[in-house]
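Understanding the architecture of this molecule
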Amino acid sequence: MLRRYHLVFSTLLIISALTVSALSCGQEEMSDKIGVVVTLQPQAEFVENIGGDMVKVTVMVPVGASPHTYEPTPGQMTEAARARMYAK
C-alpha cells in the first residue's frame, strides 16, 4: 500500500514538473521583443523611436505621478527583473 502511494506521488510530481517547465518555456518563446524598462514617459518615447517594433517598453512612473515619491508595484518590479535593459 505504501509503495502505491509513493508511485502515485512520484508520478504527480513528475507531471507537475513537466507542466511547469513546458509553460515557462512557451512564454519566453512567444515574445521576440526586447524588454526595456524606463522611468518616465519621455524616455519611453525615445526608446520606442530607436527600438521600433523590436522593443517592449514598460514605464515605471505613470503620467502625473511624482518620480520622487513614487514606489513601484510588485508587478512592475517583476517586469523590471525580466527586462533586458533599464534606461533611466
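Here goes a summary of the coordinates provided. (Residues numbered from 1 in each chain as written. Predicted model: local features only at pLDDT ≥ 70, side-chain atom pairs only at ≥ 80, totals over all residues. Heavy atoms only, no water.)

**Here's the deal with the environment of valine 47**
Within the element layout of this structure, valine 47 appears in helix 2 (residues 41–51). For valine 47, a relative accessible area of 10% corresponds to the buried category. When the C-alpha atoms of valine 47 and valine 37 are compared, they prove to be 9.5 Å apart, with ten residues separating the residues in sequence. (Helix = DSSP H or I, 4+ residues; strand = E, 2+ residues; numbered from the N terminus. Buried < 20%, exposed > 50% of the residue type's maximum accessible area, 1.4 Å probe, protein only.)

**Description of helix 2**
Regarding helix 2, the residues found buried are Ala44, Val47 and Gly51. Buried residues in helix 2, looked at end-on, bunch into an arc of 70°, giving them a common side. In helix 2, those exposed residues whose orientation departs by more than 90 degrees from the buried face are Pro42, Phe46, Asn49 and Ile50. Looking at the buried side of helix 2, the elements it contacts are strand 1 (34–38), strand 2 (55–59) and strand 3 (85–87). One or two residues past the end of helix 2 sits glycine 52, with phi positive at roughly 60°. (Arc of directions from axis to C-beta. Contact = heavy atoms within 4.5 Å.)

**Things to note about the nonpolar core**
It is characteristic of soluble globular proteins that their nonpolar side chains tend to be buried jointly. Counting seven residues, the largest nonpolar core is built from Val36, Val38, Ala44, Val47, Val55, Val57 and Ala87. When sequence neighbours within four positions are dropped, the list of residues in contact with valine 57 reads Val36, Val38, Ala44, Val47 and Glu48. (Core = buried A, V, L, I, M, F, W, Y, C linked by side-chain atoms within 4.5 Å.)

**Some details on the pattern of salt bridges**
Under the criterion given, the structure shown has one salt bridge. Residue lysine 56 pairs with glutamate 79 through a salt bridge whose shortest N-O separation is 2.8 Å. Here the residue lysine 56 occupies a position in strand 2, and glutamate 79 occupies one in helix 3 (residues 74–82), the gap between them amounting to 23 residues. Overall, lysine 56 belongs to the partly exposed group, its relative accessible area being 42%. (Salt bridge = Lys/Arg side-chain N within 4 Å of Asp/Glu carboxyl O.)

**Topic: the sheet that holds strand 3**
Strand order in the open sheet formed by three strands is 2-1-3, with parallel pairing between adjacent strands. Bordering the open sheet on either side are strand 2 and strand 3, each of which pairs with just one other strand. Each neighbouring strand pair of the sheet contributes to a mean axis angle of 25°, computed without reference to strand direction. Against the sheet, helix 2 touches strand 1, strand 2 and strand 3, its axis set at about 180° to strand 2. (Pairing = 2+ DSSP bridges. Axes fitted to C-alpha atoms, helices over the stretch in contact; angles between N-to-C directions.)

**Some points on the environment of lysine 88**
By the secondary structure assignment, lysine 88 is in the segment after strand 3. Sequence spacing of lysine 88 and threonine 39 is 49 residues, and the spatial spacing of their C-alpha atoms is 5.6 Å. Those residues in contact with lysine 88 that lie beyond four places of it in its chain are Thr39 and Gln43.

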